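# Inside the fold
Each chain is listed here by its residues.
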Amino acid sequence: EAAKSEAAEEVPVPHQVPEVPEPVKPSAAPKVEEEKQIAPARQINIRVAGNKYPLGLARFMGSTHVVVGHLFAKGVTEPIYFFGWGFTWVPWFFMLSGFVLFSAYLKNPKEETMIQYVMRRSTTIYPLYAFSLIPAFIIGKAYGTMSAEWPTLLAQSFLLQAWVPHFTENALQMHCWFLSCMVVYWFFFPPMSKALKDIGLLQTWLLMIFFFFLPWLLILIPLYTHEEVDWYKEHDFYQTDSYLDLGVIMLKYHPICYFHVFILGMLLAKLRQLLDVHARSLPHGCFSWRNPYNLVLQFIAPLGYAGVFIVFSDQDLDAKAWGYKLSARVSVLLPFQAMILFGLAGLPSLPFPLFSYAFSMMDFLENYSYAVYVFQFLLYALWPQTGHVNLPLFLVFVYASAYIIGNCIQQPLQKWWAAHPNGQLAVPFLLAAFFMAGCFCPTFGESVPTMEDLPRVIRLNEAMVDMDLGLTDAGHVGPGEGAAIINPSVLLKDDEVIVLARRHRRETRQQNGWYEAPDGERTKAVIIEQVWHSTILMGSQKFRDQTLVTQMFDHWPRSNMSLLGNLSLDSWDGLSTKDGDAWRDLCVVERWIPSNKTLMRLVVTGPEDPKIVTTGTGYEIAFDSQPPKSVTTCRRNTKGMLDSVAQMYLASGVQNTERWRPTRAYRLSYGSYDVAEKNWIPFVYQGKTYFVYTPVPHVIVSAKEEGESKMLYSTTFHPLHQLRQKWPQVEIRGSAQAILVDAPNLTQNLPRPHYLALLHLFDTSTKRYAHHAYRFQHEPPFMILQVSSQLPLSEAAATPNGVAFAFASGLAVKGNTVLVTYGAGDREARALVMTMEKLDAFFHCG
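Model, not experiment: these values are computed from the prediction.

With that settled, the discussion passes to the overall build of the protein. Summing up its helical and strand segments, the protein has 25 helices and 26 strands in all. When the 846 residues of the protein are sorted by exposure, 54% land in the buried category. Relative to all contacts within the protein whose residues are 6 or more apart in sequence, the contacts with residues 24 or more apart total 71%. Entry remark: accessible area of the protein is about 38,200 Å², with carbon and sulfur atoms responsible for 59%.

For any pair of aromatic rings, the description rests on two quantities: the centre-to-centre distance and the angle between the ring planes. Throughout the structure, instances matching the rule amount to 68 aromatic pairs. When the centroid spacing of 5.9 Å and the interplanar angle of 70° are considered together, the rings of Y713 and F782 count as edge-to-face. Pair noted here: Y713 is in strand β18 (residues 711–715) and F782 is in the loop between β21 (768–776) and β22 (784–790), with a separation of 69 residues, a long-range link. Ring geometry for Y755 versus F782: centroids 6.3 Å apart, planes at 65°, classification edge-to-face. Of this pair, Y755 sits in strand β20 (residues 754–763) while F782 sits in the loop between β21 and β22, placing them 27 residues apart in sequence. One exposure class covers both Y755 and F782, and it is buried. The ring of Y673 carries R667 above its face, with NZ or CZ at 3.7 Å from the centroid. The aromatic ring of F843 is capped on one face by R775, whose charged end is 3.9 Å from the ring centroid.

Here we come to the side chain of H772. Along the polypeptide, H772 turns up in strand β21. From its side chain, H772 meets the backbone oxygen of S789 in a polar contact 3.5 Å long.

Now for the sheet that holds strand β25 (residues 817–824). To summarise the sheet geometry, strands pair through backbone hydrogen bonds and adopt either a parallel or an antiparallel arrangement. Spatially, 6 strands are ordered β1-β2-β26-β25-β24-β23 in an open sheet, and the strand pairing comes out antiparallel. Since the sheet does not close on itself, it has two edges, and those belong to β1 (457–461) and β23 (796–797), each with one partner. Strand contacts of helix α23 (residues 546–555): β24 (804–814) and β25, with the helix running at about 140° to β24, the strand carrying the most contacts.

Moving on to the confidence of the model for the protein. For the protein, mean pLDDT is 86; residues scoring 70 or higher make up 89% of the total. Counting contacts from residues 444–450, a segment whose pLDDT is below 50, to residues more than four positions away or on other chains yields 13 contacts. The low-confidence segment residues 477–481 (pLDDT under 50) makes 5 contacts with residues lying over four places distant or belonging to another chain.

The next subject is the packing of helix α10 (residues 189–196) against helix α14 (residues 259–280). For the pair α10 and α14, interaxial distance at closest approach is 11 Å and the crossing angle is 45°. As judged from the angle between their axes, α10 and α14 are oblique. Classified by chirality, the crossing of α14 by α10 is right-handed. Within the contact between the two elements, α10 uses F189, M192, S193 and L196 and α14 uses F259, F262, I263, M266, L267 and K270.

Our next topic: unusual backbone geometry. Each neighbour pair has its own omega, and for V696 with P697 the value is -5°, a cis peptide bond. Its location among the elements puts P697 in the loop between β16 (688–694) and β17 (698–702). Between P780 and P781 the backbone carries a cis peptide bond, its omega angle lying at 5°. We note that Q686 has phi near 55°; this positive angle belongs to a residue other than glycine. Mapped onto the elements of the fold, Q686 is located in the loop between β15 (681–685) and β16. A relative accessible area of 65% means that Q686 is categorised as exposed. Of note, D826 is a non-glycine position whose phi angle comes to about 55°, a positive value. With respect to the helices and strands, D826 occurs in the loop between β25 and β26 (828–835).

Before going further, it helps to examine the environment of T64. Among the structural elements, T64 can be located in helix α3 (residues 56–74). Overall, the relative accessible area of 13% leaves T64 in the buried class. Separated by 2.9 Å, the side chains of T64 and Y399 make a polar contact.

Let's shift gears to the state of the cysteines. Under the criterion given, the structure shown has 1 disulfide. Across the disulfide from C587 sits C634; the S-S distance is 2.0 Å. The chirality of the disulfide connecting C587 with C634 is left-handed, given an S-S dihedral of about -80°. Note that C587 is positioned in the loop between β8 (575–576) and β9 (589–593) and C634 in the loop between β12 (619–625) and β13 (647–654), a separation of 47 residues in sequence.

Thresholds, definitions, all that
- Residues numbered from 1 in each chain as written.
- Predicted model: local features only at pLDDT ≥ 70, side-chain atom pairs only at ≥ 80, totals over all residues.
- Heavy atoms only, no water.
- Helix = DSSP H or I, 4+ residues; strand = E, 2+ residues; numbered from the N terminus.
- Buried < 20%, exposed > 50% of the residue type's maximum accessible area, 1.4 Å probe, protein only.
- Contact = heavy atoms within 4.5 Å.
- Areas by Shrake-Rupley, 256 points an atom, 1.4 Å probe, with all protein chains shown as cover.
- Phe/Tyr/Trp six-rings, centres within 6.5 Å; stacked < 30°, edge-to-face > 60°.
- Lys NZ or Arg CZ within 6 Å of the ring centre and 35° of its normal.
- Polar contact = N/O pair within 3.5 Å; in protein donor to acceptor, adjacent residues only side chain to side chain.
- Pairing = 2+ DSSP bridges.
- Axes fitted to C-alpha atoms, helices over the stretch in contact; angles between N-to-C directions.
- pLDDT = per-residue confidence, 0-100.
- Parallel < 35°, antiparallel > 145°, perpendicular 65-115°, else oblique.
- Left-handed = near helix turned anticlockwise from the far one by under 90°.
- Disulfide = S-S within 2.5 Å.

Structure follows, in structure tokens:
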């Protein structure tokens, strides 16, 4: 879109090209006479390429892939690997602009100052961009979701947001950062055009090779210095508190980091001009299939598209190994994208390649591709469906909206902009004034959007029901105070049901104080603490006799009533460290933001996610927690900042009826202090507690009362191993506890004793969970035997507009009933209740 009007100014190239006379040599007369007798070569009956480029469909497909990629990143589409590569088309738009603009200059040079050129080109991008900022600002104020502050808004009114790393990721319409780069390239276009217009073929090729090689430095330098290729993953969105953060933001968005892509587009235009001269000089003419250029051009664009399609689709290429999220952005894929651009354009004097001719039928789409790109997030904000998006319907909505916007808003704005050169100068100032006034106005509506609760009961079929467990908090800390009971774990023992869960509440605190740097220097700072209040809750319920319990649980899958409804849970106050101290004052995570002298601190107040098992003589509770300061030295990262990670602990001899009785918990020694240790699966074998440390490989560790643990067995279940290789962004983690099952008449797919357990797949790119049951041997080495299809847990978002998820935390079996307990969106304690036969059906292959 940025370069479209330049091409429109070109004089149409006639369908016939003047014949180029062949050079006459004195000794060639007999040969010429012989050639006159040769039958004329078959001619190509397609119009010449000229300087009207069939790029409309290519632009439109690129914009669409960007839109789908953004939805994929939000986790609201299907987890299709191809979707995640949409971001790679933004650099291609830079290349396309350089190509089209320099092609026009080579044909018809214009003498303009650098400022004049930028103002003329701004007609194609600024009016619609400026218009889109107004509804984006209003929506952000209305819903309290706007992260941009007045300096950022002021900068982006003048398209300066990509220059300042502190602004870029917080800007309104953040995805329009590339426009901030484009005006820079246009500003330097006049002098660059003069420098490149007279270079020869060899110089063009050498410069192109250099620019093709340049992005590979992002891979080669880390390899040479023995660093991780994906070093950039340490950066979190919105973070600007370290040199790494600033460097990643600059590499992703700064104009300097994409200048080579724009210049490469110019070099493609020069290469096209030089090759066209050579193609016209060949003896068979421009419209003959004997002209080798006509044959080669048929394959360039298709091969370019084939190349990017393979990269986007084949996960065996191991994209993480070459740091694709940064290197592909700046851009390792340049050769393929250059082939697409050059192949579609063809050579001016030759007929269109057949692939390009087919694309030219859809050139009208270029009128709407820019609107699709600019308005994608505004349209998503208006989309009535929350959570998972029906992608085909959403794209239809986007395309229809782009058609209306293109004809009713974009074209009138561009006409006005082109007709009022003096008015152009006033618009950025007026836009900035609007933002400044709006920043000091109160929000127009609720600061936090409300979130709908899941239905209390979801009947899936006659043998399976999903429901809210209905647990209550005896501490009287309820939804009104922002607390929730989540991640329950259930133990069924004889005539008693024991339930553990986690009380969870978030709080933000802000105060003035001092920040002491790792080198001892003290600085006055604003301290913002994100506090996660976490407490383990415990409760139990006894029934009259064991037979009654079995009957009630056998009926539960067909009932819409929770057997645990209104069960009261209270705090586990007896939990203490190995030294007998109360479980509090835990290690924290800190992040220093020097630009505004702010210290961000994550504080977790207590243990998290308990799992209960019984050895026959007592109860044992496993949980994860940040380490207590009283028994450990808090971990620091390589920058010297406090950077604690969760560890696994085990408490033995727990009395569920005496929650106040002091019970010491010990850190399980097999874990690492440098890695977040959680999701271990406890199970009991021959009266002793063991853990599944990881599902892939299936590592079994022992556990003693005082925390001593060591690896005993390690086996591999090949289907899970292959899944991890195919989907490297997916982590396979354990869930809940494992239960021994010996009911061959109910488990037809595995009619022998086995342990039943849960695992979940976590997609690090989309933040989505998928939960599965699995079975492993009932005796050493405890190999995995089967993995089920996905369990239908109900998902909810933890925050407004967040990704919906569920987290399986408990597993219990009683008679013919299986109980999978879980937390939905850190908001509800729920259970998926089903018959054993129904669960067994999830293990059926085919």
